[in-house]
Amino acid sequence: MICPYCGYKSHVVNSRSHSKQDAVWRRRECIKCLSIWTTDEKYELSTTHRVFEDKTSDFEPFQRDKLFVSILDSLRHRKRRTQEAGAITDTIINKILHDRTAIIKTTKIQELTYKTLRLFDPTAAAVYNATHFN
Ligand SMILES: [Zn+2]
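Residues numbered from 1 in each chain as written. Predicted model: local features only at pLDDT ≥ 70, side-chain atom pairs only at ≥ 80, totals over all residues.

Caption draft 1: Summary view of the overall build of the chain. The helix and strand inventory of the chain stands at 5 helices and 6 strands. Shown N-terminal to C-terminal, the secondary structure of the chain runs as helices and strands in the order β-β-β-α-β-β-α-α-β-α-α. Projected onto the principal axes, the alpha-carbon positions of the chain cover approximately 60 × 35 × 25 Å. Taken across its 134 residues, the chain has 14% of its residues classed as buried. Long-range contacts, defined here as pairs at least 24 residues apart, represent 40% of the contacts in the chain between residues at least 6 apart. (Helix = DSSP H or I, 4+ residues; strand = E, 2+ residues; numbered from the N terminus. Buried ≥ 20, exposed ≤ 12 C-beta atoms within 10 Å, placed from the backbone. Contact = placed C-beta atoms within 7 Å.)

Caption draft 2: Region of the structure containing the packing of helix H4 (residues 106-120) against helix H5 (residues 122-132). Interaxial distance between H4 and H5 falls to 6 Å at its minimum, and their mutual angle equals 155°. Considering their axes alone, H4 and H5 lie roughly antiparallel with respect to each other. In contact with Gln110, Thr113, Tyr114, Leu117, Arg118 and Phe120 of H4, H5 contributes Pro122, Ala124, Ala125, Tyr128, Asn129 and His132. Looking at the contact of H4 with H5, its residues break down into 7 nonpolar, 4 polar and 1 charged. (Axes fitted to C-alpha atoms, helices over the stretch in contact; angles between N-to-C directions. Parallel < 35°, antiparallel > 145°, perpendicular 65-115°, else oblique. Nonpolar A, V, L, I, M, F, W, Y, C, P; charged D, E, K, R; others polar.)

Caption draft 3: Spatial organisation of the domain arrangement of the chain. Looking at the chain, the domain boundaries give domain 1 (10-42) and domain 2 (45-132). Measuring from the centre of the C-alpha atoms in domain 1 to the corresponding centre in domain 2 gives 29 Å. (Domains from an automatic or database assignment.)

Caption draft 4: Region of the structure containing the nonpolar core. If you look at the biggest cluster of nonpolar residues, it comprises 13 residues, and the most contacted ones within it are Ile71, Ile88 and Ile92. Elements represented by at least two residues in this core include exactly helix H2 (64-74), helix H3 (81-98), H4 and H5. Looking at which element gives the most residues to this core, the answer is H3, with 5 residues. The contacts of Ile92, once residues within four sequence positions are left out, are Leu67, Leu112, Thr113 and Thr116. (Core = buried A, V, L, I, M, F, W, Y, C linked by C-beta atoms within 7 Å.)

Caption draft 5: Local environment of H3. Compared with the 26 Å implied by 1.5 Å per residue over 18 residues, the 25 Å span of H3 between its first and last C-alpha is a close match. Listed as buried for H3 are Ala85, Ile88, Thr89, Ile92, Ile93 and Ile96. Projection of H3 onto a plane perpendicular to its axis shows the buried side chains occupying an angular sector of 145°, all on one side. Residues of H3 that are exposed and point more than 90 degrees away from the buried face comprise Gln83 and His98. The secondary structure elements touched by the buried residues of H3 are helix H1 (45-48), H2, strand S6 (103-105) and H4. (Expected span 1.5 Å × (residues − 1). Arc of directions from axis to C-beta.)

Caption draft 6: Just the sheet that holds strand S3 (residues 36-42), in detail. If you trace the 3 strands from one edge of the open sheet to the other, you get S1-S2-S3, paired in antiparallel fashion. Of all the strands in the sheet, just strand S1 (10-18) and S3 have a single pairing partner and so form its edges. For this sheet, the mean angle separating the axes of adjacent strands, direction not counted, is 25°. (Pairing = 2+ DSSP bridges.)

This is the structure:
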């Protein structure tokens, strides 16, 4: 990775993995200007996972935005819905990653989303249910 300040090469001075999150945190240092910054390395689900769309019997790449928007919509009665929808989206993505399968069905994502929402806010779960299971 190149330095965000001067564009020169950097090296890793410290590294730590988040055991629960499938992520690696790294502290990097620029070889030339000695500036220091951190990076978080995570799986990008759009490249590691494919979604099997039951309705069309076809595959599509995983799209975080699609999941986020569906959750945000279910939380429309809540004040802090944008932050909350982001956190819930991350929770669901972590659950998908822990499943250790490269292909996930749309229905499985919906089921996970519904269960996660139900624990967080039953009203949101009901809204989600009405929109996605009919
Ligand atoms: Zn630099």
